[in-house]
Structures are given as structure tokens and as C-alpha cells.
Amino acid sequence: MLRNILMMTLVSLYSFGQDSLELDLSEIKVSANINRSEIIKTARNVSVISAEEIAKSPTKTIDGILQYALNVDVRSRSPFGVQADVSIRGGHFDQTLIMIDGVKMNDPQTGHHTLNLPIPVELIDRIEVLQGGASRVYGPNAFSGLINIITKTSAKGASSVGIAGGENGLYKLDGNLAIQGAKSNSFVSLSKIHSDGYSYNTAFDRSSVYAKTSIEGKKGFLTLQGGMMDNDFGASNFYHPKFYDQYEETGSKFLALSKTHNFSNKLSGTLIASIRSHKDLYDFNNYIDSPQTYGSVNFHKSNVIDIEWKMRYLSDFGASSIGAEWRQEGIVSNRLGDEVAEPKEVKGYSGIFYDKSKTRQNFSVYLEQQKSFGKLMLSGGALLNFNSQFGTKLYPGLDVSYAVSDSLSLYGTVNKSLRFPTFTEMYLNTSTVKADPNLLPEKAINYELGLKKFTSWTNFTASVFYKQTTDAIDKIKRPDLEVPTMENIDNINMAGLELVGQFDLSKKLNDSNFWFQKVQFNYAYLVADRKEIDFQSFYTLNFLKHKAGLGTFYKVTKDISASAFYTFKMREGDFRWDAESPLQNYKPVHLVDVRIDYTRNWFKVFVDVNNLLNYEYFEFGFVEQPRRWLSGGIKLTF
């Protein structure tokens, strides 16, 4: 690990841009399509979480930040990014595309690992959350939406060291070194977070390293970034309610190279090449401690190679874009895939072999045309996708927006989306689930209408949507079957309403020291026409029927600020202790998180209280989440 950290450090410091963006939602460019446009003109519902909001939030990890976002469902089995599933708009954890600076990070083994990211929150410039399917541009995995984590581009003022601690033996150590050159910006980050656990067998220990170098050329940028993360944790009853000695070790690595080039004022292009690997050790019940059960431990190693190319041309016909992507996904395992002729021993575990593997190729090409006709903007295109396992399909889409005025716009969209089954869904057979290697990809048609109102101190978006899903993939328990099975379910239709906005009172009053700085709110309502009749759904029908959020930011004195977040969740679906026990409904969840901080020049001290009301709540079945958790820390920025 130390050798890897040193190598990453040397790569990043090989060369020592741009000023950081001032986040004005009425002007910020977003990545809702290939042709970037102002958020008010984008014919999609896009939420943006700024670096300032991240810094003032009572969170320390990415999953905590996303918890407050519009219609984002973060189902945690353990806090602080230990194990959390993220979904959008009623989808589940395998249906959301996660990206870092446009680099795709999804894991083909399972979506449980998608948030195993080495990115420190201190180096995030903003997070863009796009609601709804986006396969016509971003390909498979962007089934219900996507999250693009955009890192800082300017090293100015980005160096910091921090230490934090709290209840349950929690401590966090982090350091970020940022170096700015005449034409370059470089970053190196190290972090470690640990807890003794909030209940039996919930201790965790996670460390990560991340590095990035961006070099400005005459006609574009060259960016190299990469990172690695190790995460060991007690999994209590995370995956089965009756077994409390589960344990898991995960680790991820990625390296990405991107090049943007402006050939002329009209023609530009981007090339992204990346490689990502992930390892997973899962022990269901202390099997690793006994010679008789040693071989029952799960070992998996997945790897992804991705190369993507985009070109954009500006003309009298608007902005024309074309792109292509090749992606290879593979896994070696002692549980997942097809039998191999020559098994390989798992390093460090004598007598256990990777005796199964699976590899699949995906190739896609896409076209998009964006054209304005006065106040009307049209953006349409299609993706042609070929997969070595599932064949060839076409996925078109159309977005329309109309600018009623400079501050008000209306939009509508219709898009098709798809997702391929993960290797876990197709091949994992245990005493608790039966896989199906013949699962079909799930498909959906997404319809959406909305309006956006933006002023200098307010923004508001309202949208309604309807999604028709065929061949939805779910883990299903039927009364006549002993264990749940992975199945395709037809005809699941979902509709919803979304409201999101903010009022920046400090801007309205032109007073940066006004005590009530800003208020944010969001609400989402979802309904599905399919009910759990004669079966139990573990994922697809366990969505949030209601989710509401309220965030407030205060300036107590010149140096003291505070923030408070309230989150309400009401989940559809049922869970049960075992096959003989009656089904139980999920209870409503009320969470309040608070941060108070003192900042003076380069010095900052803060106190966080999560779950202030000491609420008992569950995101997955009987996996209880932490009660009130007090923590605090010190950060020095230079």
C-alpha cells in the first residue's frame, strides 16, 4: 500500500489552469448532454451541489452529501461510506451511473461497490445529479439517472490538513497537497477514517489515496488522475437478518487519462481512457476461521477498461456531436462466472482458487444534434449499442426546451434507457439467493415535463415524469420457493413529481453577513402501478414514495456559521425476518443533521451532530442505522 501511495504521489508531482468556477446556477454549464449548456436551458432536471454547500454540510463522505439531494435514495447499511447503495428516481443501486469528471466508475460485479471511490470531499468542485434515463448519451448503467462528481481544477487554496473524531471510536485523518504551476495544477490526497462501530460487528477501517495532474496546452487540456481505496468492515447482519458475524474487505483502483482539444473555434474533441479494478472478500459467517468452512468465503476481482471518444462541431445547423465507446468488463471469482480450464490461487489464501470467470465487450456509437430556433432549443440523438452477451439495440431520445423569458423556461423529454445484468445477478447462487444466467437487459422509456425559474437569488424547478419499464431485474421471494430468485419482471410503470429550489437571502439583501444566509428544499413523490402481490420485492418496489429535504444555512457571527438539514423518507415495500415471519412495512424516517463551525482565515474548527433526534431507523430490513452521533474536527487550509 505504501509503495502504491508513493508512486501515485510521484506521478502527480511530475508537473506543476484555470481559476475555480464561481457557482451561479443560472450560468453554470452542466453535463446533461454532449453539448454543454446553461442549466436553465438544459431540458433535463439537473441538481448541482456546490463545493461551498459540501463544506458547510454536516457530512464527511460522498454518500452523506448525496443523502440531501433531490430524489436520491442512499440506502446505507453502515455510515461514512462504508457500504451504501445509491439510486435515483425510484430505481435501485444497479441503475445509477457514477462518474468522476466524466469517467465511468460502475462496477460490473454489483452496484453495492459503486461508491467505493477514493475521491476526498475536500477536492470536489461540484456534484451534478441528472434525473431520469440518459442511455442515449452515456450508454448502459444510466438507466434511472447519473451522478457526475467533478473535481477541482484550480490548486489555489486547495491544500489542507484535517483531523476529526467522535463517538464510537470515530477518527478521520486527511491531507491534501495542491500545487499550481504556470500551466498546470496538481493534487495529492491521503485520507483514513476509522470507527469501532455503533453496534455489534460494525467497526470499519478505510484508507484512500488520490492524485490528479492537469496540464493546459495551447488548444486544450491533458488530465491524468487515479486513486485507490481499501475498506475493511464488520458487516453485522447486512445481507441476512439472522447472521451477525458477516465480514467484508473491498478495495478499488482506477487510472484515467483525458485529453480535450480545440481544433478550431468550431471543432473540438475529447478522448478518455480509463482502467478500474475492484476486489471483494465476503465472509458470511466466520467461515474463514475454520478449515471446514474456509472454502465458503467469497473472493471476486473485477476489472473494466473503457475508451471513449467525442467530437463536437458548431455550424449554422447548431451543435453536432458524434462519439464512440468501447468497454470491456471482466471478473475472476470462486463464485461468479463460467468454469475456467486453469484456476488461479487467490493470493494470500492457500487452497482457494479463482475457478470462474466472465468477460464481455460493449461497443456503442452515438449522434446528437442541438439546435436553437429563437427561444426554442431542440436536442435529439440516438445510441446504437452492441454487447457481446446481449446483442445490438438502438436507444433514441429527444429533449425540448422553450425560454419563456431570461429567467423562466419550460422543457419536455422522452428517452429510452437500458441496463445489463451484473455478474452477481447472473451467477451468484447461495443459500440466500438463486441467480439466473439467462436474465435479459432491462429497458425503459422515460417521459418528463418541467419548468425552471431562475433569478439572481432564487432557483426553482418542478417536474413530472413517467417511466415504463420492461424486463426489470429484481430479487424476488415467492411463497412456493425456498430462497429468493433473480427474475425479469414485465410492466412496471412508475410516475412521480419533483420540486426543488433555494432562496439565497444574503444575495437578495446584498449582505454577505446576514444571519439567515440561504434555505434549500426538495420534495419527490413516486407511485408504481405494480404491487407486491404473491411475491416480495427486494429492490425494484422498495422505492421512496415520499422524500423531502430542507437545508438552512446561518451566519451567527462574522466567523461562526451553522447549517441544519432535515430529511424525511417514507419507503414502499416490505421486509421480513425469515420465511415463516409476517411481512413488515418500512416506518417513516425523520433525520436532522447539524453543523456549527468557526472559521478564521486558514483555521477551521467544526462540530457535527448526525441524527440529532436520536431516531431509530432502518434503510434495509433489520439493519439498524446509528442513533445520534457527535463528532468534530479541525482543518487547516493553505
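Bear in mind the structure is a predicted one, so any value in this text is a computation, not a measurement. (Residues numbered from 1 in each chain as written. Predicted model: local features only at pLDDT ≥ 70, side-chain atom pairs only at ≥ 80, totals over all residues. Heavy atoms only, no water.)

Chemist: Quick rundown of unusual backbone geometry? Include the residues and the values.
Modeler: Here the phi dihedral of Asn71 falls at roughly 50 degrees; this positive angle occurs in a residue that is not glycine. Secondary-structure assignment places Asn71 in the loop between helix H3 (62–66) and strand S4 (72–78). The phi dihedral of Asn614 falls on the positive side, at around 60 degrees, and the residue is not glycine. Secondary-structure assignment places Asn614 in the loop between strand S36 (603–610) and strand S37 (618–620). (Helix = DSSP H or I, 4+ residues; strand = E, 2+ residues; numbered from the N terminus.)

Chemist: So what's going on with the nonpolar core? Residues and values would help.
Modeler: Soluble globular proteins tend to bury their nonpolar side chains together. Counting residues in hydrophobic clusters, the biggest one holds 33 residues, and the most contacted among them are Leu66, Ile127 and Ile147. Only H3, S4, strand S5 (83–88), strand S6 (96–100), strand S8 (124–131), strand S9 (145–151) and strand S15 (246–262) provide two or more residues apiece to this core. Ignoring anything within four residues of it in the chain, the contact list for Ile127 reads Ser47, Val48, Ile49, Ile54, Ile65, Leu66, Ile147, Asn148 and Ile149. Counting 16 residues, the second-largest nonpolar core is a separate cluster that includes Ile331, Phe423, Met426 and Leu439. (Core = buried A, V, L, I, M, F, W, Y, C linked by side-chain atoms within 4.5 Å. Buried < 20%, exposed > 50% of the residue type's maximum accessible area, 1.4 Å probe, protein only. Contact = heavy atoms within 4.5 Å.)

Chemist: Before we move on, can you summarise the sheet that holds strand S26 (residues 472–477) with the specific residues and values?
Modeler: What links the strands of a sheet is backbone hydrogen bonding, and the strands pair in either a parallel or an antiparallel sense. One open sheet accounts for 3 strands, arranged S27-S26-S30; its pairing is antiparallel. Looking at the sheet topology across the chains shown, the edges are occupied by strand S27 (485–489) and strand S30 (536–537). One ladder, built from 5 bridges, connects S26 with S27; its direction is antiparallel. Residue pairing in the sheet places Ile473 in a bridge with Asn488 of S27. (Pairing = 2+ DSSP bridges.)

Chemist: Residues and numbers for the pairing of strand S23 (residues 408–419), please.
Modeler: Of the strand pairs in this sheet, strand S22 (residues 391–403) and S23 are connected by 7 bridges, and their pairing is antiparallel. Counted as the bridge partner of Leu398 is Val414 from S23. A loop of 4 residues connects S22 with S23, the two strands running antiparallel in sequence. Here S23 pairs with strand S24 (residues 442–454) via 12 bridges, running antiparallel. When the bridges of S24 are listed, Leu410 appears paired with Leu451.

Chemist: Give a description of the pattern of salt bridges that names residues and reports values.
Modeler: Pairing of side chains with opposite charge becomes possible as their charged atoms draw close. Throughout the structure, instances matching the rule amount to 34 salt bridges. The shortest N-O distance in the salt bridge between Lys172 and Glu122 comes to 3.7 Å. Of this pair, Lys172 sits in strand S11 (residues 170–180) while Glu122 sits in the loop between strand S7 (103–104) and S8, and the two are 50 residues apart along the sequence. As far as burial versus exposure is concerned, Lys172 and Glu122 are alike and both buried. (Salt bridge = Lys/Arg side-chain N within 4 Å of Asp/Glu carboxyl O.)

Chemist: Residues and numbers for the sheet that holds strand S3 (residues 46–50), please.
Modeler: In space, the 5 strands of this open sheet follow the order S3-S8-S9-S6-S7, with mixed pairing throughout. Bordering the open sheet on either side are S3 and S7, each of which pairs with just one other strand. As defined by bridge partners, S8 adjoins S9 across 7 bridges and the pair is classed as antiparallel. When the sheet's bridge partners are listed, Ile124 is paired in S9 with Thr151.

Chemist: With reference to specific residues and values, describe the confidence of the model for the protein chain.
Modeler: A residue-level look at the protein chain finds 94% of positions with pLDDT of 70 or above and a mean pLDDT of 91. The element-level mean pLDDT for the protein chain is lowest in helix H1 (residues 2–12), coming to 37, with S36 highest at 98. Predicted confidence for residues 1–29 stays below pLDDT 50, and this span has 71 contacts to residues more than four positions away or in other chains. (pLDDT = per-residue confidence, 0-100.)

Chemist: Could you give me a rundown of the side chain of Thr469, with the residues and numbers involved?
Modeler: Mapping Thr469 onto the fold places it in strand S25 (residues 458–470). Apart from residues no more than four positions distant in its own chain, Thr469 is found in contact with Phe143, Lys443, Ala444, Asp490, Asn491, Ile492 and Asn493.

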